[in-house]
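Structural overview
Residues per chain, in single letters:
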Amino acid sequence: MKRSGFAWTLFFVAAFAAGVTAASPAAAGPADPTSSLVAGAWSAERRQEVLDKTLTVRLAPDLSALTAGELQAVEELLAVGEIMQRLYEDANHRQAAEVRRALAVAPAVGPAEGLEAAAVEELRTLYRLFEGPVATTLDNRREPFVAVDPPVPGRNVYPWGIERGEVEAFLATHPERRAEILGERTVVRRATAENLAADRAGFAASPALRQLHPGLEERLAALAAAPDPAVLYAVPQALAWTAELAEAQRRLFRAADAVEGDDPEFARYLRNRGRDLLSNDYESGDASWVTGRFGRLNAQIGSYETYDDALYGVKAFPSLSLLVRDEAATAELVRALGGIQEIEDALPYEAHKRVRADVPLGVYEVVADFGQARGTNTATILPNDPLFSRRYGRTILLRGNVMTHPELFAIADREWRAAVAPAFADALAPEGGFHRTLWHEIGHYLGVDRTADGRPLDQALQGWADALEEMKADLVSLFSHHRLHAAGAIGDERLAAVRASGVLRTLQDNRPRADQPYQTMQLAQLNYFLDRGLLTVDGDGRLVLHPELYDATATDLLRTVLALQAAGEPERAAAFFARWTGWTDEVHEPLAARLREAQGPRYRLVRYGALGE
Ligand SMILES: [Zn+2]
């Protein structure tokens with residue numbers, strides 16, 4: 001992240017430019033951070049509109065069984081999490097740090113100055129909820145709630161506001177730079193004197209980077225000899241976020257020391273990952289993470305998921321999840337996992353592969369999540385890197401205290417009842433969501449993992465890669481349950497619950513934006529299910545299920561998705577999603593309206609006991 005100068009000037013100028021009346025300079029002073037910030041912020045009504053629709057979920061697993069060393073490691077890992085949180089916010093918006101600081105120091109100013117402590121507190125909650133200054137509105141638009149620049153697709157990991165056309169034009173004349181510019185863990189800049197000076201200073205601050213990135217300092221020096229904002233260059237995250245990642249590395253080493261005696265394999269993983277953060281190469285950490293046999297603690301650490309990159313869908317954003325294992329639930333799942341190779345061999349595509357029989361899988365309680373990992377997602381499977389996952393496998397982390405959270409299931413059940421005809425109202429059950437999600441994660445393990453001609457899926461399919469991969473995983477889950485049921489491994493009740501969960505999964509409370517891969521692929525499933533008659537709409541506009549068509553419909557769609565992945569042609573993927581993401585006033589809009597009415601809280605604000613919340 002670039003560190004900018006006088007933050008408050010920006011707010012003041014932005015508020016002034018927007019024609020907003022700032023607080024009286026005599027009362028608050030023109031450089032007062034709070035006055036300009038709040039002056040340009042959402043009105044009380046707009047803040048309340050979102051806060052009224054926010055459910056607060058608190059996660060606070062019991063840590064009393066941990067040893068003193070494990071507890072010390074928890075403290076260090078939470079501190080690394082806070083670093084990842086700030087980096088994530090900064091990677092999303094170039095003014096996030098300014099807003100964060102302003103809200104942290106904002107004094108409780110009385111109404112006489114035109115500001116209220118309550119307003120500042122609400123802005124803090126919004127910032128926490130949206131992990132930065134850009135809200136998702138009730139009608140699903142991204143809009144700042146304080147006076148900052150509107151969001152841009154490339155967020156803050158490309159030059160601010162750059163368009164794809166400019167990147168493409170640069171890559172056309174500099175094809176040798178493609179891998180670096182579109183690298184998963186690089187930050188792209190314009191070759192200005194200021195940018196280059198800031199990046200070159202990183203080598204002085206962290207001399208290890210010279211050893212780990214040979215030649216890079218010289219390249220930046222060469223660019224600095226003739227600065228040109230039309231020239232793009234990329235630096236590894238290790239250099240873009242030098243001080244933060246160096247601090248994270250030190251703390252990971254300290255955490256490793258603390259658990260060395262109780263959990264030596266976890267300690268080794270933490271040290272590997274600490275080094276990875278400086279080398280910008282995650283292989284050692286990923287290998288020791290996925291293949292390690294850990295004690296009670298586990299942690300996802302670093303930049304993995306690319307959902308926030310709405311320009312190319314290739315940049316991974318910082319995250320950390322700290323987890324503690326549920327031993328009994330994990331043992332039960334491992335037993336249930338028997339015939340995973342048989343499922344792979346039955347999938348509707350040609351080039352079947354060998355899958356590891358000992359999938360590293362665990363049920364965990366979330367202690368705290370940071371950055372990209374923060375929220376109520378129910379499971380994680382990593383790493384995404386096709387080479388690493390082929391070599392070492394992928395670890396599956398099921399987030400038990402999120403999956404079974406009673407308030408979250410109650411919302412899902414209300415939505416379900418609002419969407420379907422009365423005959424199906426009781427079909428949803430918590431076990432359906434749990435097992436569908438489990439097999440969704442296993443689904444990432446199975447099927448196509450690179451194009452037929454050997455290219456990585458994310459680079460081949462670019463912006464469509466995430467939507468297709470998530471859709472594959474959803475459909476493999478449905479496919480697997482039908483196979484398990486046919487083999488007698490699960491009963492009718494389990495299958496019915498998974499089927500209901502699979503339909504609920506596709507329902508949308510708003511028309512998805514193109515930059516929302518999950519929602520986009522869910523809508524595509526819904527439309528396909530409707531087209532094939534697996535779902536029909538009754539006279540009241542409610543959904544009717546035709547379970548006898550479920551297996552064939554899901555399998556045919558899975559065949560199509562696997563073929564799109566194997567082909568690796570973004571144009572074909574675009575045509576597929578154009579065909580299947582239609583939105584009509586007759587079916588989709590009334591259904592969405594009923595879901596919105598039924599769901600109650602739209603947003604989920606997660607608080608963590610481990611953070612003193
Ligand atoms: Zn997934």
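Refer to the structure presented above.
Read on for a plain summary of the structure. Given the structure is predicted, the values throughout are model-derived calculations rather than measurements.

Moving on, we get to the coordination of the zinc ion. Within the protein, the zinc ion binds to His440 (NE2), His444 (NE2) and Glu470 (OE); these donor distances fall in the range 2.1 Å. Donor residues for the zinc ion, ordered by position in the chain, follow H-x3-H-x25-E. Here His444 and His440 lie together in helix α22 (residues 430–445), a separation of 4 residues that amounts to about one turn. On the accessibility criterion, His444 (8% relative accessible area) is buried.

This part is about the nonpolar core. Membership of the largest hydrophobic core comes to 84 residues, with the highest contact counts inside it found for Ile181, Leu220, Phe266, Leu270 and Ile301. With 10 residues, the single largest contributor to this core is helix α5 (residues 68–92). Once residues lying within four places of it in the same chain are set aside, the contact partners of Ile301 are Leu77, Val80, Met84, Leu252, Tyr269, Leu270, Arg273, Tyr282, Ser319 and Leu320. In this structure, Val359, Leu495, Leu562 and Phe577 belong to the second largest nonpolar core, which totals 73 residues.

On to helix α16 (residues 283–291), then. Across the 9 residues of α16, 7 count as buried, placing the element largely inside the fold. Buried positions along α16 lie against α15 (264–279), β6 (297–303), β9 (379–382), α19 (386–392) and β10 (395–399).

Per the stated rule, a full pass over the model turns up 16 aromatic pairs. Ring geometry for Trp42 and Phe145: centres 6.3 Å apart, planes at 65°, overall edge-to-face. Of this pair, Trp42 sits in the loop between α3 (33–39) and α4 (44–51) while Phe145 sits in the loop between β3 (142–144) and α8 (164–173), and the two are 103 residues apart along the sequence. A relative accessible area of 6% places Trp42 in the buried class. When the centroid spacing of 6.0 Å and the interplanar angle of 40° are considered together, the rings of Phe266 and Tyr269 count as tilted. On the criterion of helical spacing, the pair formed by Phe266 and Tyr269 is a turn pair, its members being 3 residues apart in helix α15. Put simply, the rings of Phe266, Tyr269, Tyr282, Trp289, Phe294 and Tyr304 pair up and form one aromatic cluster.

This brings us to the pattern of salt bridges. Applying the stated criterion across every chain yields a total of 44 salt bridges. Across the pair Arg254 and Glu76 runs a salt bridge, and its minimum N-O distance is 3.2 Å. Here Arg254, found in helix α14 (residues 242–259), pairs with Glu76, found in helix α5; they are 178 residues apart in sequence, far enough to count as distant. Within the structure, one salt-bridge network assembled from shared partners comprises Glu76, Glu247, Arg250, Arg251 and Arg254.

Moving on, we come to the sheet that holds β9. One open sheet accounts for 5 strands, arranged β6-β7-β8-β10-β9; its pairing is mixed. Because the sheet does not close on itself, it has two edges, and the strands there are β6 and β9. The mean angle between the axes of side-by-side strands here comes to 35°, regardless of whether they run parallel or antiparallel. Two elements, β9 and β10, share 4 bridges in a ladder whose sense is antiparallel. The residue bridging Ala379 from the neighbouring strand is Leu398, located in β10. Most of the contacts of α5 go to strand β7 (residues 318–325), to which it runs at about 150°, and overall it touches β6, β7 and β8 (361–371).

Procedures and definitions
- Residues numbered from 1 in each chain as written.
- Predicted model: local features only at pLDDT ≥ 70, side-chain atom pairs only at ≥ 80, totals over all residues.
- Heavy atoms only, no water.
- Donors = N, O, S within 2.8 Å, 3.2 Å for Na, K, Ca; no water.
- Helix = DSSP H or I, 4+ residues; strand = E, 2+ residues; numbered from the N terminus.
- Buried < 20%, exposed > 50% of the residue type's maximum accessible area, 1.4 Å probe, protein only.
- Core = buried A, V, L, I, M, F, W, Y, C linked by side-chain atoms within 4.5 Å.
- Contact = heavy atoms within 4.5 Å.
- Phe/Tyr/Trp six-rings, centres within 6.5 Å; stacked < 30°, edge-to-face > 60°.
- Salt bridge = Lys/Arg side-chain N within 4 Å of Asp/Glu carboxyl O.
- Pairing = 2+ DSSP bridges.
- Axes fitted to C-alpha atoms, helices over the stretch in contact; angles between N-to-C directions.

Keep in mind these numbers describe shape, not what the thing actually does.
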